[in-house]
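# Reading the structure
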Amino acid sequence: QVQLAESGGGLVQPGGSLRLSCAASGSIFSRNTMGWYRQAPGKERESVAVITGAGSTNYADSVKGRFTISRDNAQNTVHLQMNSLKPEDTAVYYCKISWRVLRTFEVWGQGTLVTVSS
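A brief look at the structure comes next. (Residues numbered from 1 in each chain as written. Predicted model: local features only at pLDDT ≥ 70, side-chain atom pairs only at ≥ 80, totals over all residues. Heavy atoms only, no water.)

## Here we look at the packing of aromatic side chains
Each aromatic ring pair is characterised by the separation of its centres together with the angle its planes make. Taken as a whole and judged by the stated rule, the model has 3 aromatic pairs. Centre to centre, the rings of Tyr37 and Trp108 are 5.0 Å apart; their planes meet at 65°, and the pair counts as edge-to-face. Here the residue Tyr37 occupies a position in strand β4 (residues 32–39), and Trp108 occupies one in strand β10 (residues 103–108), the gap between them amounting to 71 residues. Among the residues examined, Tyr37 registers a relative accessible area of 14% and is labelled buried. On the basis of an interplanar angle of 85° and a centroid distance of 6.4 Å, the ring pair of Tyr94 and Trp108 is categorised as edge-to-face. You can see Tyr94 sitting in strand β9 (residues 91–101) and its partner Trp108 sitting in strand β10, a full 14 residues away along the chain. According to the relative accessible area criterion, Tyr94 is buried, its value standing at 14%. (Phe/Tyr/Trp six-rings, centres within 6.5 Å; stacked < 30°, edge-to-face > 60°. Helix = DSSP H or I, 4+ residues; strand = E, 2+ residues; numbered from the N terminus. Buried < 20%, exposed > 50% of the residue type's maximum accessible area, 1.4 Å probe, protein only.)

As structure tokens, then:
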């Protein structure tokens, strides 16, 4: 069974930076995609950034140029470097890993709160 453990959330001032990390453990299929999603109060969960095992990335337009996703396949970890944070980035950030073997499997982390406020 795959489990995800997120870390790195917290309170930061506008313009500041945070780095989120997510470590996967368990029986991890090598061909997987990992990503970060967020859900702000009263809003639906949205994709922030995803990265495939080969390193291909995709970002939400709202974070392009400010956030960088990276992964360490040997450690089964994914990171999200968030720079130039804005109050509208405030949300619970969730890590997700997904893979496909006949059908798509996905596992979510428990979420970590990021608050951008002065």
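## Quick word on the sheet that holds strand β7 (residues 67–72)
Backbone-to-backbone hydrogen bonds join strands into a sheet, with any given pair of strands oriented parallel or antiparallel. The strand order across the open sheet formed by 4 strands is β1-β3-β8-β7, and the pairing between neighbours is antiparallel. One side of each edge strand has no neighbouring strand; the edge strands of this open sheet are β1 (3–7) and β7. Within the sheet, the average angular offset between the axes of one strand and its neighbour, ignoring direction, is 15°. As defined by bridge partners, β7 adjoins strand β8 (residues 77–82) across 6 bridges and the pair is classed as antiparallel. Considered in β8, the bridge of Ile69 is made with Leu80. (Pairing = 2+ DSSP bridges. Axes fitted to C-alpha atoms, helices over the stretch in contact; angles between N-to-C directions.)

## Comments concerning the pairing of β4
Counting buried positions along β4 gives 6 out of 8 residues, so the element sits mostly inside the fold. Pairing of β4 with strand β5 (residues 46–52), which is carried by 6 bridges, proceeds in the antiparallel orientation. Paired with Tyr37 across the strands is Ser47, a residue of β5. With antiparallel pairing between neighbouring strands as the criterion, β4 and β5 make up a hairpin whose turn holds 6 residues, including Gly42 at a positive phi of roughly 75°.

## Focus on the state of the cysteines
Evaluation of the coordinates by the stated rule reveals 1 disulfide. Linked covalently through their sulfurs, Cys22 and Cys95 form a disulfide whose S-S length is 2.2 Å. Given an S-S torsion of about -85°, the disulfide between Cys22 and Cys95 has left-handed geometry. Taken together, the residues span a long stretch of sequence, with Cys22 in strand β3 (residues 18–25) and Cys95 in strand β9 at a distance of 73 residues. (Disulfide = S-S within 2.5 Å.)

## Details of a nonpolar patch on the surface
The grouping of Phe29, Val101 and Leu102 at the surface amounts to a nonpolar patch, some 310 Å² of accessible area in total. Structurally, the position occupied by Phe29 is in the loop between β3 and β4. Exposure remark for Phe29: the relative accessible area of 32% places this residue in the partly exposed category. (Patch = residues over 30% accessible without salt bridge, like charges linked within 9 Å, V, L, I, M, F, W, Y side chains within 5 Å. Areas by Shrake-Rupley, 256 points an atom, 1.4 Å probe, with all protein chains shown as cover. Salt bridge = Lys/Arg side-chain N within 4 Å of Asp/Glu carboxyl O.)

## Focus on unusual backbone geometry
Backbone geometry at Asn76 places phi at a positive 55°, although glycine is not the residue there. Here Asn76 is to be found in the loop between β7 and β8. Phi is positive for Leu102, which is not a glycine, with a value near 70°. Residue placement: Leu102 occurs in the loop between β9 and β10.

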